[in-house]
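# Descriptive analysis of the structure
Residues per chain, in single letters:
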Amino acid sequence: MAAYWILHLALLLLSITSQQVLAARPQDRHTISVQSLLSSSMCSSASAAPVSRHGAAGSTLQIVRRACLQTGDHEPVPDHHDTTAILHRDRHRVQSIHRRLTGAETTATSIPARLGLAFQSLEYVVTIGIGTPARNFTVLFDTGCDLTWVQCLPCPDSSCYHQEEPLFDPSKSSTYVNISCSAPECHIGGAQQTSCGGTSCQYSVKYGDQSVTRGSLAEETFTLSPLAPPATGVVFGCSHEYISGFNDTDMGVAGLLGLGRGDSSILSQARQGNSGGGVFSYCLPPRGSSTGYLTIGAAAPQQSNLSFTPLITTISQLSFAYVVNLAGISVNGAAVPIPASAFSLGAIIDSGTVATHMPAAAYYPLRDEFRRHMGGYKMLPEGSVELLDTCYDVTGQDVVTAPRVALEFGGGARIDVDASGILFVFPVADDSGPSLTLACLAFVPTNSPGLVIVGNMQQRAYNVVFDVDGGRIGFGPNGCS
C-alpha cells in the first residue's frame, strides 16, 4: 500500500431540502424554510476536480449528489412515499443491529454486513479511482460496512443493477489480481463470507434481510485523491451479482466504500499496513446545494471547536461499529428526563442510517418535550403518517419555528442538531383536495433497550472526527464552512 493515504473528497447531500435553513430565531429556536422544500434543487454540473480547502491536508473533489446521477440538472422532490420508504429501509438496518446484540442474527446461513445496509437510505457519494490506469467510480460510503466493492464485468443485466458509469473491467487494469483460495487475504476478516470458486476466492455479503452482493475477492490499486499516492494491494470485492429485496434496480452508483471497523475495511487495511487510516473525518452538508468532505489519513484535527468523547470498544457484539456514550438529550437547553438505562449500550455514530433511532424510554420523553414547544402548529393524529408519530400540517407556511435539540456525549462533547436535522418536511397528495405540506420529527422509537443509533440527519453541518488510533470521536460545529 502507499505510505500515506489521504482522501479528501467533497460530497453533496441527497437531502429532503434544497435550502432548508433560513435563519435562527433567538437562541433557543430554529427557523426552517418550508417553501424551498417544494421546489427541486439544482444539481451540480461541475466535474470532480481538486480544489483547496482551508486547513486541510490533501485535496478536495467536487462531486454530485446521488439523486443527480439519475436525474440530471434537477433533483426530484421527495414526497411522503419517498420518506416512508427511507424509514422502512432505516428500520431494516436498525433491526439488523439489534439482532446482532441479542445473538438472533448468526453466521449459520450468512454473515451479515454489520449494520444491515439498505442502499437507498445511504445519501452520500464520493468519487475514487480504481485500477491502472485509474478509472473513476462514484460510490456510496458507509461507516457501518467493511468491504469496499464495485460492480465488475462480466455481469449479466439480470444479475447487476443499472449504474451510470461503465462497470469496472478487470481485464483493462494492469494491477488487478484475483486472490487465490490459499492466500491469507482470502480470510482477511470482516463481514464477508468467503468460499472457493475453482482456485479463486469468492465472497458474499448479506446486508440485513434484504440485499446480497457476490463476486470475486481481488487486490487492486486505489486512487483516493489525484494529489495523493495511489494505494496498492487493496483487497476489495469485484461484484458479479447483486440481489435486493428493495427493488434497487437503478441505484446509479458503482458500489460502496466501506469505512467500518472490520478488518476488511479500507481503513483497517491502511492501519495494518502502517499506511495511515487511523483517523478519518467528514462533514455532511446541511443543504443540498452545499458541499461537504470526507478525509482519510490525515492527523486528527486540532480545531478549538472540536470536543471529543471516548470510543467504546468493550462491547463485542458492537465491535463493527463506532460506539460512544450518550449522556443525555436536551430541548431548548433543558435536559430531557431520560433514565440512564435507555443509553446503557451507548450510541452508534452511523453515516448510513438517516433518522436517529432510540429506545422508547428515551424517545417518548424527547417527543413529549418537543411537542410542548410546537403548540402553535396543528399536529396530525398519531397514525396519520406511517412510522412517524409527531407530524404537523404546515401547509401555506413560509417557515416553521422548532425548538433546538442537543445530543450530549460523555466527556463533554455535544451535537447541537442543525435545523436541517430536526424535521422531515415533505408534500402529501390529497385526493379530496389540495396537497398538504407536513413537517415530522426526525427521531424514531425502537423496541430494543439501551442502544441509540445517531443518524446522518442529526450529524449534518458538523465536523465528525473518527480518531480510531486515539480511541475517540470528535464533533465540531460549522464543519462544512
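Residues numbered from 1 in each chain as written. Predicted model: local features only at pLDDT ≥ 70, side-chain atom pairs only at ≥ 80, totals over all residues. Heavy atoms only, no water.

Heads up, the rule is: UniProt positions are given in the numbering used here, feature names are shortened, and annotations may be inferred rather than shown by experiment.
Named according to an unreviewed UniProt entry, the protein chain is Peptidase A1 domain-containing protein originating from Miscanthus lutarioriparius. What UniProt records for the protein chain under Sequence similarities (unreviewed entry) is the sentence "Belongs to the peptidase A1 family."

## Some thoughts on the overall build of the protein chain
Heads up, the condition is: Helix and strand definitions follow DSSP, with helices as H or I runs of at least four residues and strands as E runs of at least two, each counted in order from the N terminus. Burial status follows relative accessibility: with a 1.4 Å probe on protein chains alone, a residue under 20% of its type maximum counts as buried, one over 50% as exposed, and anything between as partly exposed. A contact between two residues is defined here by any heavy atoms of the two lying within 4.5 Å. Note that accessible areas follow from Shrake-Rupley with a 1.4 Å probe, and for residues the cover is restricted to the protein chains shown.
Along the backbone of the protein chain there are four helices and 33 strands. Within the protein chain, the proportion of its 481 residues that are buried is 60%. Summarising the internal contacts of the protein chain: among those between residues at least 6 apart in sequence, 72% fall at separations of at least 24. For the protein chain, the computed accessible surface area is about 17,400 Å², with 51% contributed by carbon and sulfur atoms.

## Section: the packing of aromatic side chains
So the rule is basically this: A pair of aromatic rings is counted whenever rings of Phe, Tyr or Trp (Trp by its six-membered ring) have centres within 6.5 Å, and the orientation is called stacked for planes under 30 degrees apart, edge-to-face for over 60 and tilted otherwise. Here, a charge over a ring is recorded when the distance from Lys NZ or Arg CZ to the ring centre is within 6 Å and its angle to the ring normal is within 35 degrees.
Within this structure, the stated rule accounts for 14 aromatic pairs. On the numbers, 5.2 Å between centres and 80° between planes, the contact of Y161 with Y242 is edge-to-face. A residue pair is termed long-range when its members are at least 10 positions apart, and Y161 in the loop between β8 (149-151) and β9 (177-178) and Y242 in strand β13 (residues 231-244) qualify at 81 residues. In this structure, Y161 and Y242 share a single accessibility class: buried. Cluster of aromatic residues (ring-pair linked, three or more members): F137, F168, Y176, F222 and F236. Lying across the ring of F308, R472 places its NZ or CZ 3.7 Å from the centre.

## A closer look at the state of the cysteines
For clarity, the cut-off: For the purposes of this analysis, a disulfide is any pair of cysteine sulfur atoms at a distance within 2.5 Å.
All told, the structure shown has six disulfides when counted by the stated rule. Paired by a disulfide, C152 and C238 hold their sulfur atoms 2.0 Å apart. Judged by the torsion about the S-S bond (-115°), the C152/C238 disulfide is left-handed. You can see C152 sitting in the loop between β8 and β9 and its partner C238 sitting in strand β13, a full 86 residues away along the chain. The pair C152 / C238 is uniform in exposure class, with both members buried. Between the sulfur atoms of C181 and its disulfide partner C196 the distance amounts to 2.1 Å. Taken together, the residues span a long stretch of sequence, with C181 in the loop between β9 and β10 (193-197) and C196 in strand β10 at a distance of 15 residues. On the basis of relative accessible area, C196 is assigned to the exposed category, the value being 53%.

## A few points about the side chain of D146
Checked against the element boundaries, D146 lands in the loop between β7 (135-142) and β8. Exposure remark for D146: the relative accessible area of 2% places this residue in the buried category.

## Digging into the environment of V468
Its location among the elements puts V468 in the loop between β32 (463-467) and β33 (472-476). Taking the C-alpha atoms as reference, V468 lies 9.0 Å from Y322; in sequence the two are 146 residues apart. Non-local contacts of V468, meaning those with residues more than four positions away in its chain, are made with R271, G278 and Y322.

## Remarks on the sheet that holds strand β29 (residues 436-441)
How we decide: Paired strands, as defined in this entry, are two strands with at least two bridges between them according to DSSP.
Strand order in the open sheet formed by four strands is β23-β24-β29-β28, and the pairing between neighbours is antiparallel. The two strands at the open ends of the sheet, each matched to only one other strand, are β23 (378-379) and β28 (423-428). Relative to strand β24 (residues 391-393), β23 runs antiparallel, the two being bridged by two bridges. Paired with K378 across the bridge in β24 is D393.

## Concerning the sheet that holds strand β26 (residues 405-409)
The four strands are arranged β20-β19-β26-β27 in an open sheet whose pairing can be described as antiparallel. Taken across any chain shown, the strands that pair with only one partner, and hence form the sheet edges, are β20 (334-335) and β27 (414-416).

## Some words on the pattern of salt bridges
Between side chains of opposite charge, pairing is possible as soon as their charged atoms come close. Put simply, the test is: We define a salt bridge as a contact between a side-chain nitrogen of Lys or Arg and a carboxyl oxygen of Asp or Glu at a distance within 4 Å.
One pass over the full model with this rule turns up nine salt bridges. Put simply, D368 and R367 hold a salt bridge, and the shortest N to O gap is 3.0 Å. Since its relative accessible area comes to 40%, D368 is described here as partly exposed. The class for R367 is buried, based on a relative accessible area of 10%. Close ionic contact of R372 with E369 constitutes a salt bridge, the shortest N to O distance being 2.8 Å. Note that R372 and E369 are positioned in helix α4 (residues 360-372) at a spacing of three residues, about one turn of the helix. Residue classification places R372 among the exposed residues on the basis of a relative accessible area of 57%. Here the salt bridges share partners, and the residues they tie into one network are R367, D368, R371, E382 and D389.

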